[in-house]
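Descriptive structure summary
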Amino acid sequence: GPREHHAMTAVVRDSVYTHIYLFGGIRSENEILNDLWIYDIYNGTWKEIVPRGILNAYRHIMFWNGMTKRVSIPLEEANFAIDTIETVSKTKGIGKFPAPRANFGFVSVKIKESSYVLLYGGFTWEKVVNEDGTYNFQQHLNDAWLYSIDQNLWMETFPLTDVSPPARHSFAFFPFNNERLILYGGMNSDTIFNDLWLFNLNSLLWSNINKTKHDRN
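This section reports on the structure supplied with the text. (Residues numbered from 1 in each chain as written. Predicted model: local features only at pLDDT ≥ 70, side-chain atom pairs only at ≥ 80, totals over all residues. Heavy atoms only, no water.)

1. Digging into the overall build of the chain
Using the following cut-off: Segments assigned H or I by DSSP are reported as helices when at least four residues long, segments assigned E as strands when at least two residues long, and all are numbered from the N terminus. Working rule for contacts: check all heavy atoms of both residues, and any pair within 4.5 Å makes them a contact. Residue-level accessible areas treat just the shown protein chains as cover; the underlying method is Shrake-Rupley with a 1.4 Å probe.
Secondary structure assignment for the chain yields 0 helices and 17 strands. Considering only residue pairs separated by 6 or more positions, the chain has 49% of its internal contacts joining residues 24 or more positions apart. Entry remark: accessible area of the chain is about 12400 Å², with carbon and sulfur atoms responsible for 51%.

As structure tokens, this is what we get:
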């Protein structure tokens, strides 16, 4: 339906653009979205995607006697040594999915020959209630998610180090080569940024090229 502050990206299959993916945005002053749609370029049709998210992640531990045990691990360790995951449809209302958001980065990427869409940052709304009524407080984000096109699955990519861009929205975000993405600028409540970051798709690491920024005041 009608919306603004959303993002779209085209996906290449066999060196040809075949589909466009659309995510999120704002439908009205009271509704911010996290829905995912696909547009078939050849058929000219839209279809809403019902993605899956991670519900539980497991790792197998081997004991000295050769016995193994499957143990549940925190989802924030999902970048490391996971043997199996349990997924769930978004319709169930549980599991890990990106928060509704606007003015975010949304780029199609290839990782080890598999197709993904990378989602980063933006802002969401947090409802605040006080004596003057209810209003939407803008909360800025710096989380990163990969949507696996082949698996129809959202996976949050937790940073392996403490080095990552401050939360922001309205930035430039685009592929630099087959292994890296560039993020430039953006803003949050306090700052208009002039910094430049690289995101490595293989290591899932951020690196800061410069740290220049300008306070909004």
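2. Section: the packing of aromatic side chains
Where two aromatic rings form a pair, the distance of their centres and the angle of their planes describe that pair. Our working definition: Any pair of Phe, Tyr and Trp rings, taking the six-membered ring for Trp, is counted once the centres come within 6.5 Å. Such a pair is stacked with planes under 30 degrees apart, edge-to-face with planes over 60 apart, and tilted for the rest. Residue burial is assigned from relative accessible area. The probe radius is 1.4 Å, only protein chains are included, and a residue is buried under 20% of its type maximum, exposed over 50%, and partly exposed in between. Placement of a positive charge over a ring is assigned whenever Lys NZ or Arg CZ falls within 6 Å of the ring centre and within 35 degrees of the normal to the ring plane.
For the coordinates displayed, the defined rule picks out 14 aromatic pairs. An angle of 90° between the planes, with centres 6.3 Å apart, marks the rings of Trp-197 and Trp-206 as edge-to-face. Relative accessible area serves as the criterion here: at 9%, Trp-206 is assigned to the buried category. Among the aromatic side chains, those forming a connected cluster through ring pairs are Tyr-21, Phe-23, Phe-104, Phe-106, Trp-145, Tyr-147 and Trp-154. Positioned above the aromatic ring of Phe-193, the side-chain terminus of Arg-168 is 3.9 Å from the ring centre.

3. Comments concerning the environment of Tyr-147
Threshold: In protein, a polar contact means a hydrogen-donor-capable atom and an acceptor-capable atom, both N or O and within 3.5 Å, with residues adjacent in sequence counting only if both atoms are side-chain atoms; elsewhere, any N or O pair within 3.5 Å suffices.
Structurally, Tyr-147 can be placed in strand S10 (residues 133-148). Given a relative accessible area of 3%, Tyr-147 falls into the buried group. Ignoring anything within four residues of it in the chain, the contact list for Tyr-147 reads Tyr-21, Leu-36, Ile-49, Pro-51, Ser-115, Tyr-116, Val-117, Asn-152, Leu-153 and Trp-154. Polar contacts involving the side chain of Tyr-147 include one to the side chain of Asn-152, which spans 2.6 Å.

4. Regarding the pattern of salt bridges
Applicable threshold: A pairing counts as a salt bridge when a side-chain nitrogen of Lys or Arg comes within 4 Å of a carboxyl oxygen of Asp or Glu.
Tallying each qualifying case throughout the model produces 6 salt bridges. The closest approach of N and O atoms between Arg-3 and Asp-35, which form a salt bridge, is 2.9 Å. With a gap of 32 residues between them, Arg-3 in the segment before strand S1 (7-13) and Asp-35 in strand S3 (residues 31-40) connect regions that are remote in the sequence. An identical accessibility class is assigned to Arg-3 and Asp-35; each is buried. Put simply, Arg-180 and Glu-179 hold a salt bridge, and the shortest N to O gap is 3.8 Å.

5. Side note on the sheet that holds strand S16 (residues 205-210)
To keep things clear, this is the line we draw: At least two DSSP bridges between two strands are needed for those strands to be called paired. Lines fitted to the C-alpha atoms define the axes, with helices restricted to the stretch that makes contact. Angles between their N-to-C directions range from 0 to 180 degrees.
If you trace the 4 strands from one edge of the open sheet to the other, you get S12-S13-S15-S16, paired in antiparallel fashion. Pairing within the sheet leaves two strands with one partner each, and these edge strands are strand S12 (172-175) and S16. The average undirected angle you get between the axes of adjacent strands in this sheet is 20°. Sheet topology note: the S12/strand S13 (residues 180-184) ladder contains 4 bridges and is antiparallel.

6. Observations concerning the side chain of His-169
By the element assignment, His-169 lies in the loop between strand S11 (153-156) and S12. A relative accessible area of 7% means that His-169 is categorised as buried. Setting aside residues no more than four positions away along its own chain, His-169 makes contact with Ala-102, Asn-103, Gly-122, Phe-123, Gln-138, His-140, Gly-186 and Met-187.

7. Focus on the layout of surface pockets
Rolled over the atoms, a probe with the dimensions of a water molecule shows which regions are left empty. Worth spelling out the cut-off: Here a cavity is any set of points on a 1 Å grid over the protein atoms alone where a 1.4 Å probe fits but cannot get out, and a pocket is any open set with protein on both sides within 12 Å along at least 5 of 7 lines; a residue lines the site when it has an atom within 4 Å of a point. Grid points are joined across faces, edges and corners, and a volume is the space filled by probe spheres set on the points. When residues are sorted by character, Ala, Val, Leu, Ile, Met, Phe, Trp, Tyr, Cys and Pro go into the nonpolar class, Asp, Glu, Lys and Arg into the charged class, and all the rest, Gly among them, into the polar class.
Within this model, the second largest pocket holds a volume of roughly 230 Å³. Considering the residues around the second largest pocket, the lining is formed by 14 residues, among which Ser-108, Val-109, Lys-110, Pro-175 and Asn-178 are closest to the centre. Only S1, strand S8 (105-111) and S13 provide two or more residues apiece to the lining of the second largest pocket. Tallied by class, the residues present in the lining of the second largest pocket amount to 8 nonpolar, 4 polar and 2 charged.

8. A look at a nonpolar patch on the surface
This is how it is decided: Patch construction takes residues with relative accessible area above 30% that form no salt bridge. Like charges are linked within 9 Å, and nonpolar side chains (Val, Leu, Ile, Met, Phe, Trp, Tyr) are linked within 5 Å.
Together, Val-12, Tyr-17, Ile-41 and Tyr-42 line one region of the surface with nonpolar side chains, adding up to about 410 Å² of accessible area. When you line up the elements, Tyr-17 lands in strand S2 (residues 16-28).

9. Quick notes on the environment of Ser-189
By the secondary structure assignment, Ser-189 is in the loop between S13 and strand S14 (191-193). Among the residues examined, Ser-189 registers a relative accessible area of 47% and is labelled partly exposed. When the C-alpha positions of Ser-189 and Arg-168 are compared, they lie 8.5 Å apart, and in sequence the two are 21 residues distant.

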